[in-house]
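What the coordinates show
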Amino acid sequence: MKKIVFILILCGLFSYGESSFSRECIPCHRQKKISLQKVFMDALLVYGGKENMKAGLAYYFRNPRLGSSVMDENFLQKNGIKAAIKLTPKVMDEALEAYWQIYTVKGKLQ
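None of the values given here were measured: they were computed from a predicted structure.

Conventions we followed
- Residues numbered from 1 in each chain as written.
- Predicted model: local features only at pLDDT ≥ 70, side-chain atom pairs only at ≥ 80, totals over all residues.
- Heavy atoms only, no water.
- Core = buried A, V, L, I, M, F, W, Y, C linked by side-chain atoms within 4.5 Å.
- Buried < 20%, exposed > 50% of the residue type's maximum accessible area, 1.4 Å probe, protein only.
- Helix = DSSP H or I, 4+ residues; strand = E, 2+ residues; numbered from the N terminus.
- Contact = heavy atoms within 4.5 Å.
- pLDDT = per-residue confidence, 0-100.
- Axes fitted to C-alpha atoms, helices over the stretch in contact; angles between N-to-C directions.
- Parallel < 35°, antiparallel > 145°, perpendicular 65-115°, else oblique.
- Left-handed = near helix turned anticlockwise from the far one by under 90°.
- Nonpolar A, V, L, I, M, F, W, Y, C, P; charged D, E, K, R; others polar.
- Phe/Tyr/Trp six-rings, centres within 6.5 Å; stacked < 30°, edge-to-face > 60°.
- Expected span 1.5 Å × (residues − 1).

So, the nonpolar core
Nonpolar side chains tend to gather and get buried jointly when the protein is soluble and globular. In this structure, Phe21, Met53, Leu57 and Tyr99 are the most contacted members of the largest nonpolar core, which totals 25 residues. Elements supplying a minimum of two residues to this core: α4 (36-47), α5 (50-62), α6 (73-79) and α7 (89-103). Examining the composition of this core, we find that six residues originate from one element, α7, more than from any other. In contact with Tyr99, not counting residues within four places along its chain, are Phe21, Leu36, Val39, Phe40, Met53 and Leu57.

Next up, the structure:
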C-alpha cells in the first residue's frame, strides 16, 4: 500500500511538473497556429525586459484591449483580441516565468 501511495505521489509531482505554460498556453497557440516565439519577441520589444514583460502580459491577459496588445494590426485583424484569461496570480506567474525561460536567449548564447 505504501508503494502505491508513493507512486501516486510521484505521478502527481511529475504531472504538476508540467508547467502552467504547457497546460494553459501551448494548446491554444498550437490550435490557432500562433507562434509563441513571435509573440515573445514582439512583447520583448515593447516591454524591454523580464519583469516589465511579465507584468505587462499578465495585465493584458486579465484585461485584454486593443490598445494594450503588443501584436501588430494585421495580427489583430486576423486573430482578434483574446478573451480574458482566468488564472490565479500564482499560476499566471508560473506560466509567464516558464515562457520567459523557454524563449529568452540571454545567457544561452555561447
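After presenting the structure, the write-up continues.
Section: the confidence of the model for the protein
Across the protein, pLDDT averages 82, with 81% of residues at or above 70. When mean pLDDT is compared element by element in the protein, α5 scores highest at 95, while helix α1 (residues 2-17) scores lowest at 44. Note on residues 4-17: pLDDT is under 50 here. Beyond four places in sequence and across chains, it has four contacts.

Details of the packing of α5 against α7
Two numbers describe a pair of packed helices, the interaxial angle and the distance between the axes. For the pair α5 and α7, interaxial distance at closest approach is 10 Å and the crossing angle is 130 degrees. Classified by the angle between their axes, α5 and α7 sit oblique to one another. Classified by chirality, the crossing of α7 by α5 is right-handed. Between α5 and α7, the residues in contact are Lys50, Met53, Lys54, Leu57, Ala58, Phe61 and Arg62 and Pro89, Met92, Asp93, Leu96, Glu97, Tyr99, Trp100 and Gln101, respectively. Along the lines of polarity and charge, the residues of the contact of α5 with α7 split into nine nonpolar, one polar and five charged.

Section: the packing of aromatic side chains
Taken as a whole and assessed by the stated rule, the structure comprises seven aromatic pairs. On the basis of an interplanar angle of 90 degrees and a centroid distance of 5.4 Å, the ring pair of Phe40 and Tyr99 is categorised as edge-to-face. Pair noted here: Phe40 is in helix α4 and Tyr99 is in helix α7, with a separation of 59 residues, a long-range link. A relative accessible area of 0% means that Phe40 is categorised as buried. These aromatic residues form a ring-pair network of at least three members: Phe21, Phe40, Tyr99, Trp100 and Tyr103.

With respect to the environment of Ile34
Within the element layout of this structure, Ile34 appears in the loop between α3 (26-32) and α4. Since its relative accessible area comes to 15%, Ile34 is described here as buried. Residues in contact with Ile34, not counting those within four places in the same chain, are His29, Val39, Phe75 and Asn79.

Thoughts on the side chain of Ser68
Within the fold, Ser68 resides in the loop between α5 and α6. If we ignore the near neighbours within four places in the chain, the residues touching Ser68 are Tyr47, Tyr60 and Asn63.

Focus on α5
Taking 1.5 Å as the rise per residue, α5 with 13 residues should run 18 Å; its terminal C-alpha atoms sit 18 Å apart, in good agreement. Along α5, the positions that sit buried rather than exposed are Met53, Lys54, Gly56, Leu57, Ala58, Tyr60 and Phe61. Where α5 is buried, its residues meet α4 and α7.

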